[in-house]
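# Structural features, examined
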Amino acid sequence: MDRREFAGMTSLGILGGLASANKLMGARPLLAIGPDTASQNRLPEQDHSDLRSLAKSLLVNWCDGMIRRQTVAPDDPSVHGALQCDSCSHIHGRCSDALYPFLHLAHATGQQKYLDAARNVYAWAENNVSREDGSWTNDINPRSWRGTTIFGAIALAEALHYHGEVLDADEKRAWEQRLDEAASGYLFSDFRKIDFTNLNYGMTAVYGFHLFGRVLNHAKYTERSQQLAVRVKEFFTEPNKLLWGEGKPNDNRSGRGLLPVDLGYNVEESLNGVVLYALEVGDESLLDLLTQSMNGHLEFMLPDGAWDNSWGTRSAKWSYWGSRTADGCQPAFALMADRNPAFETAAIKNAELLKRCTADGLLNGGPHYVSHGVKPCIHHTFAHAKAMALVLDKTQPTATKRDLKPLPRVTSDGVKHFAELDVWLAAKGPWRATVSAYDSIYKTKSADHIQQPTGGSLAVLHHAQVGTLLASSMARYIQVEPLNQQPQPGEDFPLTTRLERRNEAGWFTNLYDLQANVTSNATDDQVRFDVTTTLQDEDRQIDDESNSQCQLSYRFERERVLITASPARSDHQAKAFALIVPIVSPTGETVRRVSKNQIEIEKPAGTVVCKCNVPLAIHSGAQTSGVQSSGAQSRVFNMVPGMEALPLVVEYPGGNVSEIKFEISVS
């Protein structure tokens, strides 16, 4: 049967050969290591009941949400089976990745709607993004990027391996043939080096080719996996073993000599690939290294399960819970939990955050999409649904209950400097903070001025009682990947706390300073950072050499955080500048102006008090007096990381005032 003729068929009959009732929604056999025996198919017994429950709930919710948005138009193969996106004007070429979670639920529940959904989305891809070289393009344009074929091929292989029995025999053979075309064609031709592009592709391919070899029983794919795996150990930083390679080029050294690292892609894609591979082949040396690496990455998880990718090279796709088009951290962190129970905690806490960010069956790209009226891109959902399906397929419920270990940032105290990033993590009392001087800048041929927080930025501030209060964005929101990022709704107002000067010459801010000097000091009473920085525009130009340098300091005490800002010049001729502090606050939280120097924000678990030694203003002409039941007009929203904030502005008055003193506390 011709592949494209087969692809156009839908609903080939009722589901047959279902698993017995006692296997519904249960674990499937693990991929074998060596001979296909039960003892080699099973990981050490661990309690994954909480995570499995979350994964089941999310998977059903998300798949039902996707089905509600799946086009049923058998007479029009250009759209039949596609997943329509509520936020984007185009169909996402990778939506066929959803065939794996759909087929999982078809097998687990026996419901025909999931089998039909899997068949139809597969057919749409074959009719619209399938190429003669075996690839699937990322977008409908036949000249678009083909590298994402590795992710689609893995989804197809996982679906066949765990759930192929629900397909008709001819249908299953056709899907296997299509997988072989992808693996032997484009993937085998182009995936020759682990670092031929951003590292997430090569690290994922290490596992992908091993999986293809197993599913298709073809040694050449297994050999290609082994060839790629030889170089895996080259891509870990010192001393914290973070994966590097998310840059253009991927080994580019910054002005400070730093390699490109992106937390989001590392924890949601690359680590999954190499962990799954290492577990499959039983490589203990690699597993030991990966344990160290996961420990290093886990330092950046916030207490609420968010991945703090404020500083990452690809933070243009930071969505608070992770990265927009990656799969999710759950597979690697769940499967390695026997090595560190905190890995299981991370998988659960992040899944809980994903659940809080889900509405109407779709995963929103941040916590405040609903409150700001922003529609979610469906890409987040079909990508992360794969991770939940894999968790259910590769973990086993047991009667053994294990206490969860707290996350590192829950118990930390003091300051830790990540020398390979020039990023600092601070902890004092209930406060957790991130300060960044990371200067590795992601560059593409089509996008310029990409800039994550640097310049000594206070990139994140989290409080144990009321949650995240500061969360950075790009300096200017840029759709680095236009078809994989939503447009910015409304004003592009950066959420990063910063110093700035705006005049006829442009916008000058410490966010563009790649040479800021940061020092830190920790005592029993406080953690302090002192920053010397220069106000620059996005071309690294300085407005006024004699008036561009400023001093910033951050003091973290148990009862408060104090931000101070001053010009480097001590005379009265220093030019004016402003301190911008966007306090994370969704529409609906009451904002109260207590005085011209104090504003309070009522949150469900406490009141955030912001006060200053000079008057406080709210950007964009929002109400600044009396009591306001704050509406969207007083909030700014940024796609990175998908949050709303109340943008507080403090103008440096000069004269007898030597510095701005801005204090944040919680009552």
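Further up the page is the structure itself.
Let us look at the structure shown here. All figures in this text were calculated on a predicted structure; none of them were measured in a lab.

Applying the stated criterion across every chain yields a total of nine cavities of 30 Å³ or more. Estimates place the volume of the largest cavity at around 220 Å³. In terms of lining, the largest cavity is formed by 17 residues, of which the most central are Ile-154, Asn-272, Leu-276, Asp-327 and Leu-390. Counting only elements with at least two residues in the lining of the largest cavity, the list comes to α6 (149-163), α8 (199-216), α10 (263-281) and α15 (379-394). For the lining of the largest cavity, the element with the highest residue contribution is α10, accounting for five residues. Partitioning the lining of the largest cavity into residue classes produces nine nonpolar, three polar and five charged.

What follows deals with the pairing of strand β11 (residues 526-534). Pairing geometry for strand β10 (residues 517-522) and β11, over six bridges, is antiparallel. In the strand pairing of β11, Thr-519 is matched with Asp-530. Hairpin connection, β10 to β11: the antiparallel pair is bridged by three residues. Across nine bridges, the pairing between β11 and strand β12 (residues 549-557) is antiparallel. Note that in β12 the partner of Asp-530 across the bridge is Ser-553.

This part takes up the sheet that holds strand β5 (residues 431-436). Spatially, five strands are ordered β3-β4-β5-β6-β7 in an open sheet, and the strand pairing comes out antiparallel. In this open sheet, the two edge strands, each paired with only one partner strand, are β3 (414-418) and β7 (467-471). Going from strand to strand, the sheet's axes swing by 15° on average, the running direction of each strand aside. Here five bridges tie β3 to strand β4 (residues 423-428), and the two strands are oriented antiparallel to one another. Note that in β4 the partner of Lys-416 across the bridge is Leu-425.

Formed by 155 residues in total, the largest nonpolar core has its most connected members in Phe-212 and Phe-333. Here this core gets 11 residues from one element, more than from any other, and that element is α8. Beyond its immediate stretch of four places on either side in the chain, Phe-333 contacts Val-267, Met-294, Leu-298, Trp-307, Phe-343, Glu-344, Ala-346 and Ala-347. Core analysis: the second largest hydrophobic core is formed by 47 residues, Ala-437, Val-561, Phe-577 and Val-650 among them.

Cut-offs and rules
Residues numbered from 1 in each chain as written. Predicted model: local features only at pLDDT ≥ 70, side-chain atom pairs only at ≥ 80, totals over all residues. Heavy atoms only, no water. 1 Å grid on protein atoms, 1.4 Å probe; cavity = no way out; pocket = protein on both sides within 12 Å on 5 of 7 lines; lining within 4 Å. Points joined across faces, edges and corners; volume = space filled by probe spheres on them. Helix = DSSP H or I, 4+ residues; strand = E, 2+ residues; numbered from the N terminus. Nonpolar A, V, L, I, M, F, W, Y, C, P; charged D, E, K, R; others polar. Pairing = 2+ DSSP bridges. Axes fitted to C-alpha atoms, helices over the stretch in contact; angles between N-to-C directions. Core = buried A, V, L, I, M, F, W, Y, C linked by side-chain atoms within 4.5 Å. Buried < 20%, exposed > 50% of the residue type's maximum accessible area, 1.4 Å probe, protein only. Contact = heavy atoms within 4.5 Å.

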